[in-house]
Amino acid sequence: MKLPFTTLDVFTPTRYIGNPLAVVRVPASLRSQLTEDQKQKIAREFNFSETTFLHERPAGSDTADFDIFTTSSRITFAGHPTIGTSIYVAQHASAYPGVNNLRTLAGTIPFTFEEESGKSTVAIPHDVHVHHATLPHPTEANTTVPIVSIVKGMAFGLCRMFNLEELGSCTGPLLPPQDRYKGEYLDARSGWDVGYTGSFCYVDLGIDHEDESRRLLRTRSIPAFEDPGTGSASGALCCYHALTEAAKGTVKFHLVQGVEMGRRCDIYVDVEMNGEGRGQECHFEWNGSGGHGGSVDYRLSHHFCSSTRYENRYLDVTREYTLPRALILFRPRHHLHLRHPITPQTSSLIPISAMPTWCRDAVVSINYARAVNAIGATRIIVLASFFRSSELACG
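These notes cover the structure that comes with them. These numbers were taken from a predicted model, which means no experiment stands behind them. (Residues numbered from 1 in each chain as written. Predicted model: local features only at pLDDT ≥ 70, side-chain atom pairs only at ≥ 80, totals over all residues. Heavy atoms only, no water.)

1. Section: the overall build of the protein chain
The condition is simple: Secondary structure is summarised from DSSP: a helix means a run of H or I of at least four residues, a strand means a run of E of at least two, and numbering begins at the N terminus for each. Only protein chains enter the area calculation, which uses a 1.4 Å probe; residues under 20% of their type maximum are buried, those over 50% are exposed, and those in between are partly exposed. Contacts are assigned to residue pairs that have any heavy atoms within 4.5 Å of one another. Per-residue accessibility takes into account occlusion by the displayed protein chains alone, with areas from the Shrake-Rupley method and a 1.4 Å probe.
Looking only at helices and strands, the protein chain has five helices and 23 strands in total. Here the protein chain, with 395 residues, has 54% of them falling under the buried criterion. Counting only contacts in the protein chain whose residues sit at least 6 apart along the sequence, the fraction spanning at least 24 positions is 63%. Accessible area for the protein chain stands at about 16900 Å²; split by element, carbon and sulfur atoms hold 49% of it.

So, in structure tokens, the structure goes:
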């Protein structure tokens with residue numbers, strides 16, 4: 001089973017910035033054959049914050065189904081995979097003629113695409129719900145953190161910090177990883193007590209001087225691994241502010257995220273309020289850099305990429321090193337997988353703390369690097385989040 005894929009950088013017009021996304025295309029002939037478990041394994045292999053599986057549209061339909069997977073589970077909705085997938089569909093109109101809607105577990109999502117700027121605007125399915133329980137603030141003893149769902153299955157603790165220094169010092173999520181899917185802080189038996197509870201920290205910087213019609217927010221999403229750009233959390237935060245401040249008309253926001261990671265994302269959110277002070281529509285405007293693709297071959301048994309396929313397709317960082325000729329797959333802030341190119345069964349895990357200093361520096365300099373391929377005695381080549389392979393083999 002071979003599935004073509006493309007990777008994109010979302011929330012930015014610049015490659016190697018923004019939030020990376022893998023879009024795996026599933027032809028109609030393979031839709032029933034591709035299992036949820038296989039999708040999960042493919043998403044885990046990409047190791048992006050999310051991977052989408054875009055299904056071939058039915059004949060004559062203006063809607064294409066897509067599935068969103070993190071490295072650990074399928075989710076109902078997320079902003080960055082939605083916008084990235086909409087850009088991909090718009091830029092491949094011949095394969096998706098007349099498609100102007102995407103459908104995921106949360107519902108149908110209309111989108112429009114501005115070809116000249118490369119920006120896509122989506123109207124997200126939402127019915128914002130503020131939960132009764134709150135979380136303790138990580139630095140302010142007498143302050144609590146509201147929990148807000150943007151859709152059923154996707155909730156966030158919205159933690160207001162009071163300056164950029166405090167925002168930059170955030171080191172961990174509000175809930176430990178093992179508790180994020182328990183729903184214990186979500187309203188029981190409400191229908192909103194399922195799915196994921198994330199952590200979203202922010203500083204309100206007031207008027208955006210680049211566009212005075214917008215309010216500027218600096219944000220960070222800090223789950224187990226920091227996410228450079230989080231559309232669903234951005235929507236929850238903006239809707240929460242519009243609702244709690246009893247705003248009228250259209251309220252516009254500009255959120256800047258991923259700065260601390262070196263992967264700046266610019267996210268624009270418009271919340272349209274109805275006459276009763278409730279959010280009526282929530283529009284997101286994002287863009288993404290173009291993608292490079294290949295195919296996922298699910299028949300292959302090995303989990304490393306041949307260096308010949310990636311030859312001259314890496315971001316080059318020249319460093320001295322003494323490691324043997326080997327392929328090193330880097331899991332961000334986690335471990336290095338060392339695999340010998342001739343005997344791939346020879347494998348070991350190395351904690352980041354045990355890496356040589358030059359290697360840590362190389363990874364940090366790229367920020368969110370996805371792979372390190374050691375192919376010679378005096379060079380190290382770092383593959384950033386923007387895959388340019390002709391084929392990715394995984395099994």
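After presenting the structure, the write-up continues.
2. Details of the nonpolar core
Cut-off, in case you're wondering: Each nonpolar core is a collection of buried residues, namely Ala, Val, Leu, Ile, Met, Phe, Trp, Tyr and Cys, held together in the definition by side-chain atoms within 4.5 Å.
By size, the foremost hydrophobic cluster in this structure holds 51 residues, and its most contacted members are L54, I150, L158, L255 and V271. Looking at which element gives the most residues to this core, the answer is helix α4 (residues 231-244), with eight residues. In this view, L158 contacts V145, P146, V148, F200, Y202, A233, A236, L237 and Y240; residues no more than four positions away in its chain are not counted. Counting residues in each nonpolar core, the second largest holds 14 residues, with A155, C170, L174 and V203 among its members.

3. What about unusual backbone geometry?
Phi at F11 is positive, roughly 75°, even though this residue is not glycine. Summarising the element assignment, F11 is placed in the loop between β1 (2-10) and β2 (19-26).

4. Focus on the pairing of β2
Test applied: The pairing criterion is simple: DSSP has to find at least two bridges between the two strands.
When you tally the buried positions in β2, you get eight out of eight residues, the bulk of the element. The side-chain alternation of β2 yields two buried faces, one formed by N19, L21, V23 and R25 and the other by P20, A22, V24 and V26. With six bridges connecting them, β1 and β2 associate as antiparallel partners. The residue bridging F5 from the neighbouring strand is V24, located in β2. Where β2 lies against strand β3 (residues 51-55), five bridges are found, and the strand directions are parallel. Paired with R25 across the two strands is L54, which belongs to β3.

5. Describing the pairing of strand β10 (residues 144-151)
Burial runs high along β10: seven of the eight residues are buried. In this sheet, strand β11 (residues 153-160) lies alongside β10 in antiparallel orientation, the contact comprising four bridges. In the sheet register, V148 faces β11, and the bridge partner there is F156. The antiparallel pairing of β10 with β11 creates a hairpin that spans one residue between the two strands.

6. Some details on α4
Test applied: A helix is expected to span 1.5 Å multiplied by its residue count minus one.
Helix length check: α4, at 14 residues, gives a terminal C-alpha distance of 20 Å against a target of 20 Å (1.5 Å per residue), a fit within 8%. Looking one or two places after α4, you find A246, whose phi comes out positive at around 50°.

7. Some points on helix α2 (residues 79-91)
In an α-helix there are 3.6 residues to a turn, and that puts residues three or four apart on one side. Between the first and last C-alpha of α2 there are 18 Å, a value that for 13 residues agrees with the 18 Å anticipated at 1.5 Å per step. Counting buried residues along α2, 11 of its 13 residues qualify, which places the element largely inside the surrounding structure. For α2, every residue scored as buried is listed here: G79, H80, P81, T82, I83, G84, T85, S86, I87, Y88 and V89.

8. Digging into the packing of aromatic side chains
Test applied: Classification of ring pairs rests on two measures: the distance between centres of Phe, Tyr or Trp rings, Trp counted by its six-membered ring, which must be within 6.5 Å, and the angle between planes, read as stacked under 30 degrees, edge-to-face over 60 and tilted in between. By the criterion adopted, a ring carries a charge over it if an Arg CZ or a Lys NZ lies within 6 Å of its centre and within 35 degrees of its normal.
For the coordinates displayed, the defined rule picks out six aromatic pairs. Between F46 and F48, the ring centres sit 5.9 Å apart and the planes meet at 35°, which makes this aromatic pair tilted. Judged by its relative accessible area of 1%, F48 is buried. Their ring planes at 70° and their centres at 6.4 Å tell us that Y88 and Y96 sit as a pair that is edge-to-face. Across the pair, exposure class does not vary: Y88 and Y96 are buried alike. A network of ring pairs unites the aromatic residues F5, F46 and F48 as a single cluster. In this structure, K119 packs its charged tip against the face of Y268, placed 5.5 Å from the ring centre. Lying over the aromatic face of W192, K152 brings its terminal NZ or CZ to 5.6 Å of the ring centre.

9. Quick look at the side chain of E226
Under the convention used in this document: N or O atoms within 3.5 Å of each other form a polar contact, as long as, within protein, one can give a hydrogen and the other can take it, and as long as residues adjacent in sequence are counted only when both atoms are side-chain atoms.
By the secondary structure assignment, E226 is in the loop between β13 (214-221) and α4. A distance of 2.7 Å separates the side chain of E226 from the side chain of R220, its partner in a polar contact.

So far we have only geometry, and geometry alone does not tell us how the molecule works.
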